[in-house]
Amino acid sequence: MKKIFILTGEPSGDKLASTVISKLKSQNPNIEYSSVGGDHLKKLGIKSIFNLNEITYLGFTSILLNIFKIRNKINHTVNEIIKFNPDILFSVDSPDFTMRVAERVKKINNNIKIIHYVAPQVWIWRKNRVKKIKKYIDHILLLFDFEKKYFEEENIKNTFVGHPLIENNQDNKKIVENIIPKDKKIISIFPGSRKSETDVLLNILIDFIKLMNNRHNDFYFYFHATDENKNLILSEIKKFNFENVDVVSDEGIKSKILSNSVFAVSKSGTVSLQISSSNIPSIIIYKLSFINFLIFKMLVNVKFANIINIINNREVIPELLQSECNADEIYRSVIYLLKNPDLIKKQLSVCSKTLDGIRSKTSSSEEACLVLRNYLIQPN
């Protein structure tokens, strides 16, 4: 029986991995799996060697403060992978964790093929990483076609698979008409998949909702949460006795609620592609500690935080970062766009054209699944 070890480092990677593995399991049930994963892989019956929350840290200072814990987790993960002896190590995103593990695994057992899904963003910072990656990654799966040149320069095997968050997936949509209010306009809120992100943004977003409720009575707000963060958000919003706020974590329900929204407020990240793919106008918010932000600004070589804006080299989707990430600015930006439908139409048009340029021929999960199958059949 063939074996695959799935290596993720945060909930978004767990979700991306599950879209591929669910397809692979349906095509080939005779594969044994182990993982560092979360709830999405768990729902596929794949156990994790430890809780994903134990390695999910946000920001440079958080990593420094937890460096010994992370090192121990890397050591433990490497040992478990070697013991499991998989045919393929399928690592997904979170390069500061997954690639450190992959590099050490390759040195110990060169026969394990390492396929990495979601290339590190070398076009944003640390371009010299590509030369190092070449030594231990056998194949890299790219979400964006423009990334190919960076890896082909070093003759690294790569496949453009597209991004799964922009696939039109109808399989898991549930009937949720009974929870969608008929007399309210829905605003979807995405506070981040990491607890550390939610901790920073939640109070800001609650204050934004208060401002909206003080001046408008026709909106209903849904927080889109991970299973891990749902109770944290619920406990906070209950303190304010909101009658027009709820939290959802089920993927099918979240998808349906998003498609019925008039607007979305989202932390910077890949979820913005899903929002744009659903043809929903949005703004992007993000906030780091002052020290982390200074380090980030010194290292990056792009002007924007959002991938749509980076690709277009202009602010298609408004970004409220750092000091601008506050309740007043969020309120002003949301209301301004809602009162200017021509601006919304323009944003959605540019987003649609941008997404057309980064879609794969079939689907990201199908393309990635094909690469995995080929390595299982012809490992050399």
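Quick note: structure is the one above.
Residues numbered from 1 in each chain as written. Predicted model: local features only at pLDDT ≥ 70, side-chain atom pairs only at ≥ 80, totals over all residues. Heavy atoms only, no water.

## Brief notes about the packing of aromatic side chains
- Enumeration according to the criterion identifies seven aromatic pairs in this entry.
- Aromatic side chains F5 and F84 sit 6.2 Å apart centroid to centroid with 65° between the ring planes, which places their arrangement in the edge-to-face category. Of this pair, F5 sits in strand β1 (residues 2-7) while F84 is found in helix α4 (residues 67-84), placing the two residues 79 residues apart along the sequence. Accessibility assignment for this pair places F5 and F84 in one class, buried.
- With a centroid separation of 5.1 Å and an interplanar angle of 40°, the aromatic rings of Y220 and Y222 are classed as tilted. The same class applies to Y220 as to Y222, namely buried.
- Grouped by ring-pair contacts, the aromatic residues F208, F219 and F221 constitute a single cluster.
- Note that K73 overlies the ring of F50, its terminal NZ or CZ placed 4.4 Å from the centroid. (Phe/Tyr/Trp six-rings, centres within 6.5 Å; stacked < 30°, edge-to-face > 60°. Helix = DSSP H or I, 4+ residues; strand = E, 2+ residues; numbered from the N terminus. Buried < 20%, exposed > 50% of the residue type's maximum accessible area, 1.4 Å probe, protein only. Lys NZ or Arg CZ within 6 Å of the ring centre and 35° of its normal.)

## With respect to the sheet that holds strand β6 (residues 158-160)
- With respect to topology, six strands assemble into an open sheet ordered β2-β1-β3-β4-β5-β6, the strand pairing being parallel. Only two strands of the sheet have a single partner each, and these edge strands are β2 (31-36) and β6. Each adjacent strand pair in this sheet contributes to an overall mean axis angle of 20°, direction not counted.
- Judged from the five bridges that link them, strand β3 (residues 88-92) and strand β4 (residues 113-117) form a sheet pairing that is parallel. Along β4, the bridge assignment pairs S91 with H116.
- Along the sheet, helix α16 (residues 364-377) contacts β1, β2, β3, β4, β5 (139-142) and β6; its crossing angle with β4, the most-contacted strand, is approximately 175°. (Pairing = 2+ DSSP bridges. Axes fitted to C-alpha atoms, helices over the stretch in contact; angles between N-to-C directions. Contact = heavy atoms within 4.5 Å.)

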